[in-house]
Amino acid sequence: MTETSKDTLFEFPCDFPLKVMGRHTDDFRSIVLGIVQKHAGPIEASNIEERPSSSGSYLSLTCTFTAQSKQQLDELYRELTAHERVMVVL
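Just so we're clear, the structure is a prediction, and the values are computed from it rather than from any experiment.

Here the focus is the pairing of strand β3 (residues 58-67). Here β3 lies mainly inside the structure; seven of its ten residues are buried. Bridging between strand β1 (residues 14-23) and β3 involves ten bridges; their strand directions are antiparallel. Residue pairing in the sheet places Asp15 in a bridge with Thr66 of β3. Examined bridge by bridge, strand β2 (residues 48-52) and β3 share five bridges and lie antiparallel to one another. If you follow Pro52 over to β3, its bridge partner there is Leu59. From the end of β2 to the start of β3, which pair antiparallel, there are five residues, and Gly56 there has a positive phi angle of about 85 degrees.

Below is the structure:
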């Protein structure tokens, strides 16, 4: 069954690409994936795109998963944006 709401443009469930950016440290990838998988479940390696900045100082991770609800996305965004290592979540 799909969930629709006037306060979101999404119809759930839906494929959702989530981009998270931060400093390129040894543990940034595992921190982000740990938080994302806590809320979204396991993500196939083929659904994770990793892109370092041109200087190599920053890392962007795009994780595509099946979002189940607005509440799920809200909780995921809250936890990611509260983490000190995460700079941007799109």
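Moving on from the model shown.
The subject of this paragraph is unusual backbone geometry. With an omega dihedral of -5 degrees, the bond running from Phe12 to Pro13 counts as a cis peptide bond. Considering the arrangement of structural elements, one finds Pro13 in the segment before β1.

Relative to the assigned elements, Thr66 resides in strand β3. For the pair formed by Thr66 and His39, sequence separation is 27 residues and the distance between their alpha carbons is 11 Å. Not counting chain neighbours up to four residues away, the residues in contact with Thr66 comprise Pro13, Cys14, Asp15 and Gln72. Of the polar contacts made by the side chain of Thr66, one reaches the side chain of Asp15; its length is 3.5 Å.

The next point concerns helix α1 (residues 28-40). Compared with an ideal rise of 1.5 Å per residue, which puts 13 residues at 18 Å, α1 spans 18 Å between its outermost C-alpha atoms and is within 8% of the ideal. Taken together, the buried positions of α1 are occupied by Phe28, Ile31, Val32, Leu33, Ile35, Val36 and His39. Here the buried face of α1 lies against β1, β2, β3, α2 (70-82) and β4 (86-89). Where α1 terminates, the next one or two residues include Gly41, which has phi positive at roughly 85 degrees.

What counts and what doesn't
- Residues numbered from 1 in each chain as written.
- Predicted model: local features only at pLDDT ≥ 70, side-chain atom pairs only at ≥ 80, totals over all residues.
- Heavy atoms only, no water.
- Buried < 20%, exposed > 50% of the residue type's maximum accessible area, 1.4 Å probe, protein only.
- Helix = DSSP H or I, 4+ residues; strand = E, 2+ residues; numbered from the N terminus.
- Pairing = 2+ DSSP bridges.
- Contact = heavy atoms within 4.5 Å.
- Polar contact = N/O pair within 3.5 Å; in protein donor to acceptor, adjacent residues only side chain to side chain.
- Expected span 1.5 Å × (residues − 1).

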